[in-house]
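The chain contents come next:
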Amino acid sequence: MLSYKHGYHAGNHADVFKHIILIYLYNQIKKHHKSISYIDTHSGNGRYKYVSKYMEKNREYMFGIKKIEKYEGENYLIKNYLRILSSIDKQKNFYPGSPYIISNISQKTDRLFFCELHNNEFKDLKLNLNKFPNTKIININGFDYINNNINNKEKFFILVDPSYEIKEDFYEIYNLLNNIHTKFEKSKIIIWYPILNYLENDIFIDNIRKKGINNIINVELPIIENNDERGMKGSGLLLINFKDKKIFTNLKLLMKDLQICLRQSDNVYKSKIRYL
């Protein structure tokens, strides 16, 4: 896990999907709260240059941000995401990770906590966010941080976005969900996960459904057809404690346009949005 570099994957279809919804939900929360206490459990370094040994190796951004940056449709969530990215980097020299995006759209009253265990990524993140006074960068495993520092006395908005390079990350997700009522009942949480195998993914979702937790919206974006090849077929999000019915409606509209833009073949499973 300590060797993981998000730079290899920055700007790919999963980032586009995740960041469009992250921006939307952050702004939805801001409508009802003067300030947000936000935690990113696996932050990375926050900025990923297109001309670099990491992004150039697999060029995954060509199947993500580069496929959607000339979007001409009418979906507001996509258009707002592209507007924010353009305002962050008018020259389009780098792709901003979630810490850089949130820092740019936050207000001074918001408190932002960014966790990163990888030492080099941690150092780069501190440099990349040094102009934002409302940020705190912590050299720690984000699961440890939220397990030790969150309780039901305070409301947080949490992005849980591990690499899943090790199976323990899935167990950490199950552990988090087991503690919803004791630690996270007042918090709003986004959990990202990869779809590596459709059958195994169905088992993962079924195990979560069996926990009987209220207020979970599951959104999935398949972009590659079901085959035996290794690699990420798509990705999904678990959205916890978002009760506004308009959110479900707006995300349903988003997923139609998003899959059309990002799918890599016509013979791919339809995107999903459902309550678990």
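Quick summary incoming for the structure in this document. Just so we're clear, the structure is a prediction, and the values are computed from it rather than from any experiment.

Rules and cut-offs
- Residues numbered from 1 in each chain as written.
- Predicted model: local features only at pLDDT ≥ 70, side-chain atom pairs only at ≥ 80, totals over all residues.
- Heavy atoms only, no water.
- Helix = DSSP H or I, 4+ residues; strand = E, 2+ residues; numbered from the N terminus.
- Rg over C-alpha atoms; globule rule 2.2 N^0.38 Å.
- Buried < 20%, exposed > 50% of the residue type's maximum accessible area, 1.4 Å probe, protein only.
- Contact = heavy atoms within 4.5 Å.
- Areas by Shrake-Rupley, 256 points an atom, 1.4 Å probe, with all protein chains shown as cover.
- Pairing = 2+ DSSP bridges.
- Axes fitted to C-alpha atoms, helices over the stretch in contact; angles between N-to-C directions.
- Salt bridge = Lys/Arg side-chain N within 4 Å of Asp/Glu carboxyl O.
- Core = buried A, V, L, I, M, F, W, Y, C linked by side-chain atoms within 4.5 Å.

Scanning the protein chain from N- to C-terminus turns up 11 helices and 10 strands. Its C-alpha atoms give the protein chain a radius of gyration of 17 Å, near enough to 19 Å, the size a compact globule of 276 residues would have. The buried share of the protein chain, taken over its 276 residues, is 54%. Within the protein chain, contacts between residues at least 6 apart in sequence are counted, and of these 77% link residues at least 24 apart. Entry remark: accessible area of the protein chain is about 13,800 Å², with carbon and sulfur atoms responsible for 48%.

Bringing the sheet that holds strand β8 (residues 216–222) into the picture now. Taken in spatial order, the 8 strands line up as β5-β4-β1-β6-β7-β9-β8-β10 in an open sheet, and their pairing is mixed. Among the strands making up the open sheet, the edge pair consists of β5 (135–138) and β10 (272–275). Pairs of neighbouring strands in the sheet enclose a mean axial angle of 15°, with direction left out of account. With 4 bridges joining them, strand β6 (residues 157–160) and strand β7 (residues 188–195) adopt parallel strand pairing.

Moving on, we come to the pattern of salt bridges. This model, assessed by the stated rule, comprises 10 salt bridges. Close ionic contact of Lys66 with Glu69 constitutes a salt bridge, the shortest N to O distance being 3.6 Å. Given the relative accessible area of 27%, Lys66 is considered partly exposed. Look at Glu69 and you get partly exposed, because its relative accessible area is 24%. Between Asp206 and Arg209 there is a salt bridge whose closest N-O contact spans 3.6 Å. Residue Asp206 and its partner Arg209 are located together in helix α10 (residues 198–209), separated by 3 residues, close to a single helical turn. Owing to a relative accessible area of 30%, Asp206 belongs among the partly exposed residues under this scheme. What emerges from the salt-bridge pattern is a single network uniting Asp15, Lys18 and Asp161.

One finds Ile68 and Leu258 to be the most contacted residues of the largest nonpolar core, which totals 93 residues. Of the residues forming this core, the biggest block, 11 residues, is contributed by helix α1 (residues 13–30).

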